[in-house]
Amino acid sequence: MDLPDRFIQALLSVEDARFGAHPGVDPVAVAAASIDTLRGNRRGGSTLTQQVVKNAITGSDQTVDRKVREAILAVRAQDTIEPDQIIQGYLANAWFGRGQDGAMGAARAWFGKEWADIDLHEAAFLAGILKGPAYYDPVKHPERARARRDTVLQMMRARDMITDEEMALALAMDLEVISAEQSDELMGSLARWTASGIEEDMSRYGLTNRSDIASGILEITTTIQPDWQKIAEDALISGVGRIGQAGPAARLEAVIPAFGEDLDTEAVEALRREAANGLATTRKSGRAVISSVSGNTAAAIIDRGYGDLEWDQVAFDTGKLGFTPKKGDVLPYKREDDTVTLQPAPQVQGAVVVMDPWSGAVLASVGGTDPDLYPFDRSRAMRQPGSALKPFLWARAMEEGIRYFDMVEDIERSYPTNTGEVWRPRNYDGSQSGLIPLFVALEESSNLVAASLVDRLGVDALGQITEIAGLYEWGGMRRHPSSALGASETTLTRMAAGYSAFANGGLVVSPHHISQVKKDGQTLWTPRGPDGYAIATQYTTDDISSMLYGVTARGTAYSAFKDLKLPVAGKTGTTQDYRDAWFMSFTPGVVVAVWVGRDDFRPIPGNLSGSRAAAPIAKTVYAAALKQGLLNAQGHRPDQTEVKPWPPALLDMNGRGAQLQPSYVAQDPFKRPSGGAVFIRREAGTTAVEDLRPVDDLDALLGAPRPGAVATEPQSQPWYDEPSSSGGYLDQNEDPNSIFKAPSRELSSSPATGNTVFRNPW
């Protein structure tokens, strides 16, 4: 950031006058702060470096352990990081009020000017306001704001940063700021989640390391579309609200002091630490510990996360809270002017990402239910995807030669791993079904088939396709067979980008929230579009799309989507102990990705799976988009140029696809082949041997050519024989990119039903 020297001088005069002369912790400042505290003027003695560490790493909770960690890290940072970088790091996250989380737009937000045009007295005000933007707001508290500005100017003079004449002239100036309405109009309203997405892009694509971008005023255009953003926010809030009733963030069992008692005691400090473990504070919210309740008023200990604790009598509305607070409850609060408003704490959180599958542009991104209370962006959180990862394993299996109608083992087995342990996965409901078609295994989300496939292909094969798709960095997927069940963590945004390949025919896209970065009218950066890399052939991704359409039409997400008048392909995901619930979905126009879970990794209330917790939220997004005209009946956006036939054909055992009519829902995915085979039901608690019914001429059926297929010579070694020494079916001498070269695709004439039928080109 290109900031004037006078502002930097003003900042150092009030925040860290001995910056550069101390090792990261300033004993002189600590001693001075201690003396002032003993005299009744309590203040901190942290250096600029300590504040950078606090904002970036340790947080602001008032505990001894946190302060010790902060001091150690500050000394290390001061020794290894350039002074200018420390100052930039501090200002990049400093809260200037008026929505300015960072110094870049602070001058415009308060004075309607660029930094280069800021006067000395205005620079002093902007440095001084960091102590409390709301408290020193010149519109609401003009005398208080002017006094703070004057103090900064006097401190600058005491340190010989300015002359007597400069100070006198600056002190005589009126402090005139633009109104909040003018500021909002000038700056625009940049929502917390949009700002988080911009921050992610700046980091992911290395933009913060470019000198032409890291300084000066930038004009950034985002891909976020307000209509989609509003739909996603509303769907998440209503969906999370249905899962569990809101309540306190935590409940303390310790002795709570009575209203008016001394709060400066060791017991209360311990209480403060315990409350901090249950609820963090933010710049816009604090935590309240309820001491007593009388009618609709609660006596509460107010903790801003810094400074002294305070007593307050807080009025509340039981209807808005959803419950009546009790003694010992810890609740978040928001403060408007001098009024404290208690807020309910949701039992679960969630995130929604809506993406253009053809470009990777993020149309909407919601990182939680309330960014003011819980600003952490969960669309960027690392969580286990569970069964939502399975389509990539199925796609790789099909690339290796397995066909969607081939029979696969839904049977419990034990698998030795390279760590010496034995892995024995089970299905979600404990069932086994013997041999079932590959497409049925995905529609029913069989863990046992996933285990069998990763055992045949090798974990490296799964790692290759997921890393090419962008779910992980190169080498980022854990090389363990449990990764086939989604045990290796990734983010919701990465998952959305990966599913885009199924929607667009196999192409890899790079997720981005920024469409353009400009400075002084010159375009400095635009996102890279798809560059031809693919996760699989179009034939494979279309078959996967058909399977995932089967998930909503007759599989694990049928209940959530049965009354939606829009064909959607999707996949549920649930992790161990119901800690995470996912639903990944798409049409030709959008990818809608949903995650639901708890920040503390405890189970979701009610032990809800992805089909019950996440899928209904995605369904709400699609229904609203359809109603508002953001999607047409075939799932395309009005503004998109790419057109793809939709819905995909549902798969059956006859080698033909059958599309559902709007009034028809297929109840039985086990389509009977002409050979007369009978497939068993999935029943929990029974063995595979007991479940298997006699199948007439099973070997002949499986080996017989499909109707209309061209006979080929049998292979000397089938694909599922001995794997290579590398653990996958690509040996070290084979070109790993060869499997991603799409073969030609045959498109047959439409059958009598008028539906398109695709033929296997192999």
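Just so we're clear, the structure is a prediction, and the values are computed from it rather than from any experiment.

Student: Could you clarify how one ought to interpret unusual backbone geometry in this entry?
Tutor: Backbone phi values are negative for most residues with the exception of glycine, while trans is the configuration of most peptide bonds. Proline 647 follows tryptophan 646 through a cis peptide bond whose omega is 5 degrees. Looking at where proline 647 falls in the secondary structure, it is placed in the loop between α24 (615-627) and β20 (650-651). With phi around 60 degrees, aspartate 577 is a residue other than glycine that occupies positive phi space. On the secondary structure map, aspartate 577 appears in the loop between β17 (569-574) and β18 (580-586). For aspartate 577, a relative accessible area of 42% gives the class partly exposed.

Student: How should the pattern of salt bridges be read in this particular structure?
Tutor: When charged atoms on two side chains of opposite charge get close, those side chains can pair. Tallied over the entire structure, the rule returns 35 salt bridges. Measuring nitrogen to oxygen at the nearest pair gives 4.0 Å for the salt bridge that ties arginine 380 to glutamate 199. Of this pair, arginine 380 sits in the loop between β9 (362-366) and α16 (390-399) while glutamate 199 sits in helix α11 (residues 192-204); the two residues are 181 residues apart in sequence, bridging distant segments of the chain. With a relative accessible area of 45%, glutamate 199 lands in the partly exposed category. A salt bridge links aspartate 303 to arginine 272; its shortest N-O distance comes to 2.9 Å. Of the two residues, aspartate 303 sits in strand β4 (residues 297-303) while arginine 272 sits in helix α14 (residues 266-278), which places them 31 residues apart along the sequence. Comparing aspartate 303 with arginine 272, the two get one shared label, buried. One salt-bridge network, in which partners are shared between bridges, spans Lys113, Asp119 and Glu122.

Student: When you look at the packing of aromatic side chains in this model, what are you seeing that I'm missing?
Tutor: Remark: the centre distance and the inter-plane angle together describe each pair of aromatic rings, the angle taken between the planes. Within the structure shown, the criterion is met by 17 aromatic pairs. For the pair tryptophan 110 and phenylalanine 125, a centre-to-centre distance of 5.6 Å together with 80 degrees between the ring planes defines the contact as edge-to-face. Taken as a pair, tryptophan 110 in helix α6 (residues 106-111) and phenylalanine 125 in helix α7 (residues 120-128) lie far apart in primary sequence, 15 residues in all. The exposure classification of tryptophan 110 matches that of phenylalanine 125, with both residues buried. When the centroid spacing of 5.8 Å and the interplanar angle of 85 degrees are considered together, the rings of phenylalanine 111 and phenylalanine 125 count as edge-to-face.

Student: How should the packing of α16 against helix α21 (residues 538-554) be read in this particular structure?
Tutor: The N-to-C vectors of α16 and α21 enclose an angle of 135 degrees; their axes lie 10 Å apart at closest approach. Taken together, the axes of α16 and α21 lie oblique to each other. Seen from above, α16 lies across α21 with right-handed handedness. Facing α16, whose interface residues are Pro391, Trp394, Ala395, Met398 and Glu399, α21 presents Thr540, Asp543, Ile544, Met547 and Leu548. Looking at the contact of α16 with α21 residue by residue, the class counts come to seven nonpolar, one polar and two charged.

Student: Is there a simple way to explain empty space enclosed by the protein in this structure?
Tutor: The gaps left among the atoms become clear once a water-sized probe is rolled over them. Following the criterion strictly, the structure yields two cavities of 30 Å³ or more and no others. What lines the second largest cavity is Val268, Leu271, Arg272, Ala275, Arg287, Val289, Ile301, Asp303 and Leu309. Those elements that place two or more of their residues in the lining of the second largest cavity are α14, β3 (285-294) and β4. In terms of residue count, the dominant contributor to the lining of the second largest cavity is α14 (four residues). Class assignment of the residues belonging to the lining of the second largest cavity gives a composition of six nonpolar, no polar and three charged.

Student: Hey, could you run me through the sheet that holds β9 in this one?
Tutor: Strand pairing in a sheet takes place through backbone hydrogen bonds and is either antiparallel or parallel in direction. In space, the five strands of this open sheet follow the order β9-β8-β19-β18-β17, with antiparallel pairing throughout. Edge positions in the sheet fall to β9 and β17, since each of these pairs with one other strand and no more. Pairwise comparison of adjacent strand axes, ignoring direction, gives a mean angle of 5 degrees for this sheet. In terms of strand pairing, strand β8 (residues 349-355) meets β9 through four bridges, oriented antiparallel. When the bridges of β9 are listed, methionine 355 appears paired with valine 362. Here helix α13 (residues 226-243) sits on the sheet in contact with β8, β9 and β19 (591-597), set at roughly 30 degrees to β9.

Student: Looking at this structure, I do not really get the packing of helix α1 (residues 5-15) against α7. What am I missing?
Tutor: Geometry of a packed helix pair, given as the angle between the helix axes and the separation of the axes. Close contact between α1 and α7 brings their axes to 8 Å; oriented N to C, the two are set at 40 degrees. For the element pair α1 / α7, the angle class is oblique. Judged by the sense of rotation from one axis to the other, the crossing of α1 with α7 is right-handed. Residues Arg6, Phe7, Ala10, Leu11 and Val14 of α1 form the contact with α7, whose participating residues are Leu120, Ala123, Ala124, Leu126 and Ala127. Among the residues forming the contact of α1 with α7, the class breakdown is nine nonpolar, no polar and one charged.

Student: What is the right way to look at the confidence of the model for the chain in this model?
Tutor: Interpretation of the predicted coordinates at a detailed level should be avoided for regions scoring low in pLDDT. Looking at the chain as a whole, the pLDDT averages 80, with 79% of positions reaching at least 70. Note that residues 656-762 has pLDDT below 50 and, in this model, 157 contacts with residues that lie over four places away or in other chains.

Reading guide: rules and limits
Residues numbered from 1 in each chain as written. Predicted model: local features only at pLDDT ≥ 70, side-chain atom pairs only at ≥ 80, totals over all residues. Heavy atoms only, no water. Helix = DSSP H or I, 4+ residues; strand = E, 2+ residues; numbered from the N terminus. Buried < 20%, exposed > 50% of the residue type's maximum accessible area, 1.4 Å probe, protein only. Salt bridge = Lys/Arg side-chain N within 4 Å of Asp/Glu carboxyl O. Phe/Tyr/Trp six-rings, centres within 6.5 Å; stacked < 30°, edge-to-face > 60°. Axes fitted to C-alpha atoms, helices over the stretch in contact; angles between N-to-C directions. Parallel < 35°, antiparallel > 145°, perpendicular 65-115°, else oblique. Left-handed = near helix turned anticlockwise from the far one by under 90°. Contact = heavy atoms within 4.5 Å. Nonpolar A, V, L, I, M, F, W, Y, C, P; charged D, E, K, R; others polar. 1 Å grid on protein atoms, 1.4 Å probe; cavity = no way out; pocket = protein on both sides within 12 Å on 5 of 7 lines; lining within 4 Å. Points joined across faces, edges and corners; volume = space filled by probe spheres on them. Pairing = 2+ DSSP bridges. pLDDT = per-residue confidence, 0-100.

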